[in-house]
Amino acid sequence: MTKETQAITSGALYLNQNRKVAVLDYNKKYIKNIFELINSDELRSVVSQFLASRKQVDSNTTFEKAGTEAYLKTLKSIVLDEEGAFATFNRQEILASIEDLYSFYRSFLRVSTINLHDNDVVASEFMTIDNRFNELVIELYRTIEEKLQGHLNKTYRQVNAGTNACVLTQTIKWPAPKSYEKLQSVRFLDTLMLRPPMMMHTKSNKREGVFSEVSDNPITKFEGSREEWYCFPAKIGESLAYIYFHRDYFVSGLSLANLFEVADRKSIEGQKPDLILLFGLAETEGDVSHYYHDEANDIWVGEVPYNDKTTYFGYMKKMCLTLHNLHMIDKGKLPIHGSMVRISFSNGKTKTVVFFGDSGAGKSESIEALQEIADDKIVSMETIFDDMGSFTLTDGEPGLYAQGTETGAFVRLDDLSSAVAFNNMDRGVYLNPERKNARVIIPANAYERIIQHHEIDMWVYANNYSDQIGLHQFDDKAEAEETFISGKRRALGTTDEVGMTTTFFANPFGPVQEEAKTRPIIEKVFDKLYDDKVYVGEIYTHLGNDKSKDSLNESAQELLNVLMNS
């Protein structure tokens, strides 16, 4: 396996055509005008890669067949209004090729980086610096386009021509235990500027299997350099995670910004992390993803191999959550695979509801159906967590509380209601929007809010396989436990599973790996729920059955009635 197939580095630009990732280092070079740009090695490498891609599909014209140097010489002549600029090649051929070159460059995820060096001026001006480069690329494109057309455009579209994102990086010292010192050279992402809506594409669009434990610490395999690797410092619930990723995984690395809180310098400096993820290792055992508990240093370490399959964002997200959940179980907390919302009703009541179930069970869909049928009966609905949270038992009050892990939501486009989709369109990071299982990552709530201690009024299992409609309350604790623990559902194709499946506690990200440790925590949580007379039941979603929206809306109506009248 070769990591950087079709990858080149030219001056300040790293370009990987196979992964459609381009990284521009402003610290190495910052191009200030269109004449510097058109004479740059960076543009030369883009043109060279573009022309090579045209040969592969046998669609290049006479102009393109002339090669990189002749191509650039013609563009320079056009920009400078030199006599004979159009003498060698057909004007329409040049114009068509320029449009294709522009689209080719913009098909990459383009990330610019600036090393902060504790410079307050850089920290305050980095977005302006990147905006200028964005304007510069547009200016060069339009200058050539309009000279070829012979007239000015009548419609201008201010697209993200230069970059999709700009990140400030920073070297921060943290107390790395023995054998972790090699991570110290990798820069942390300090501040990120995204240009949404971002449309990003990956080789893979589905996650497969579960993560398993290994007996050797993956840190021994890490040989990455500061040129190739970056670290996203994340606050996942109350866990501190250092997520190291190879630059070819910048799609996933940037997407994290819409999902987790970025840890600040104060949270990193002098702090040992709870979790470390190494994403994009050259090799792992069996070429699959694993985790390891470094008990001596109390660090959960995850490893994910570099291959096309792991380009799907679900691998990064779910490995982060698996490590976090294992950490929670180790601390006596119960990881919850579900969605939690706090709903304020027009009759003055406020209820906090947790929807529970594995992928595709209908957790998010139930919430959206509730919003649709509620009309003006719901004043507000706040998302505490969308995919993963945790329950904590205490000796004080409340005796049981819930917390979230993520500040955002990673959802299927097909499952979004039009209201949710359009309200969040301009903030979303879209992954493979043209393909099955297309996803969007959207911000949902503030970190300070999701980690507060939230009491629980209702906990319902999302049943997507039953013919029944409505809501069912478990009067018998044993029956409730059995339903939640069995984790039964009909798979919808969001993973490699098909048909009817069962997953221990509906959560393959922690509880499955540590079933023996998780069972006594589950038992204590159910005891507490029933002692406090919390509503525990199931909602029939029909998603894995007939996918009837009418049936789901009927179930949501019954849920609404119970919440407003209990």
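All values reported here derive from a predicted model rather than from experimental measurement.

**What to know about the sheet that holds strand 20 (residues 408–412)**
- Strand order in the open sheet made by the four strands is 7-21-22-20, with mixed pairing throughout. Lying at the two open borders of the sheet, with one neighbouring strand each, are strand 7 (198–200) and strand 20. Going across the sheet, the axis of each strand differs from the next one's by a mean of 20°, ignoring polarity.

**A closer look at the nonpolar core**
- Judged by nonpolar contacts, the single largest core of 48 residues is most densely connected at Ile243, Phe245, Phe250, Leu254, Leu277 and Met316.
- Looking at this core, the element that brings in the most residues is helix 9 (residues 313–330), giving eight residues.
- If we skip the residues at most four places from it in the chain, Leu277 touches Tyr242, Ile243, Tyr244, Gly302, Glu303, Val304, Met316, Met319, Cys320 and Leu323.
- One finds Tyr26, Leu72, Phe133 and Leu168 within the second-largest nonpolar core, a separate group that totals 47 residues.

**A short note on the side chain of Asp294**
- Here Asp294 lies in strand 13 (residues 290–294).
- Put simply, Asp294 is tucked away with no salt bridge, and the nearest opposite charge, on Lys272, sits 8.2 Å away.
- A distance of 2.7 Å separates polar atoms of two side chains, one belonging to Asp294 and the other to Tyr180.
- In this structure Asp294 touches Tyr180, Asn217 and Ile299, once residues within four positions along its chain are discounted.

**Things to note about the side chain of Glu481**
- On the secondary structure map, Glu481 appears in helix 13 (residues 477–486).
- When sequence neighbours within four positions are dropped, the list of residues in contact with Glu481 reads Ile522, Glu523 and Phe526.

**Points about the packing of aromatic side chains**
- Tallying each qualifying case throughout the model produces 31 aromatic pairs.
- Ring centres of Trp174 and Tyr242 lie 5.2 Å apart, and the angle between their planes is 75°; on these two criteria the pair is classed as edge-to-face. One end of the pair, Trp174, is in the loop between strand 5 (165–170) and strand 6 (187–194); the other, Tyr242, is in strand 10 (residues 239–246), and 68 residues separate them in sequence.
- A relative accessible area of 3% places Trp174 in the buried class.
- Assessed through its relative accessible area of 0%, Tyr242 is described here as buried.
- Aromatic ring contacts, followed pair by pair, group Phe356, Phe391, Trp459, Tyr461, Phe474, Phe484, Phe504, Phe505 and Phe526 into a single cluster.
- Lying across the ring of Phe108, Lys20 places its NZ or CZ 4.4 Å from the centre.
- A cation over an aromatic ring shows up here: Arg439 above the ring of Phe410, its NZ or CZ 4.7 Å from the ring centre.

**A look at helix 13**
- Taken residue by residue, helix 13 has Ala480, Glu481, Thr483, Phe484 and Ile485 as its buried positions.
- In this fold, the buried residues of helix 13 make contact with strand 16 (350–356), strand 23 (458–463), helix 14 (515–531) and strand 27 (535–540).
- Just past helix 13, the residue Gly487 takes up positive phi, approximately 60°.

**Re the packing of helix 2 (residues 41–56) against helix 4 (residues 68–79)**
- It is the contact of helix 2 with helix 4, at a shortest axis distance of 10 Å, that shows an interaxial angle of 125°. Between helix 2 and helix 4, the angle is such that the two are oblique. As helix 2 packs across helix 4, the resulting crossing turns out to be right-handed. Where helix 2 approaches helix 4, its residues Leu43, Arg44, Val47, Ser48, Phe50 and Leu51 are matched on the opposing element by Thr68, Glu69, Tyr71, Leu72 and Lys76.
- Here the contact of helix 2 with helix 4 is built from residues that sort into six nonpolar, two polar and three charged.

**Topic: the pattern of salt bridges**
- On inspection of all chains with the given rule, the structure shows 29 salt bridges.
- A salt bridge links Arg195 to Asp130; the nearest nitrogen and oxygen atoms lie 2.5 Å apart. Remark: Asp130 occurs in helix 6 (residues 120–149) and Arg195 occurs in the loop between strand 6 and strand 7; sequence separation between them is 65 residues. Per residue, the accessibility class of Arg195 equals that of Asp130, and both read buried.
- With its nearest N and O atoms 3.7 Å apart, the salt bridge here joins Glu481 to Lys477. Here Glu481 and its partner Lys477 are both found in helix 13, four residues apart, which amounts to about one turn of the helix.
- According to the relative accessible area criterion, Glu481 is buried, its value standing at 10%.

Quick notes on the rules
- Residues numbered from 1 in each chain as written.
- Predicted model: local features only at pLDDT ≥ 70, side-chain atom pairs only at ≥ 80, totals over all residues.
- Heavy atoms only, no water.
- Pairing = 2+ DSSP bridges.
- Helix = DSSP H or I, 4+ residues; strand = E, 2+ residues; numbered from the N terminus.
- Axes fitted to C-alpha atoms, helices over the stretch in contact; angles between N-to-C directions.
- Core = buried A, V, L, I, M, F, W, Y, C linked by side-chain atoms within 4.5 Å.
- Buried < 20%, exposed > 50% of the residue type's maximum accessible area, 1.4 Å probe, protein only.
- Contact = heavy atoms within 4.5 Å.
- Lys, Arg positive; Asp, Glu negative; His and termini not counted.
- Salt bridge = Lys/Arg side-chain N within 4 Å of Asp/Glu carboxyl O.
- Polar contact = N/O pair within 3.5 Å; in protein donor to acceptor, adjacent residues only side chain to side chain.
- Phe/Tyr/Trp six-rings, centres within 6.5 Å; stacked < 30°, edge-to-face > 60°.
- Lys NZ or Arg CZ within 6 Å of the ring centre and 35° of its normal.
- Parallel < 35°, antiparallel > 145°, perpendicular 65-115°, else oblique.
- Left-handed = near helix turned anticlockwise from the far one by under 90°.
- Nonpolar A, V, L, I, M, F, W, Y, C, P; charged D, E, K, R; others polar.

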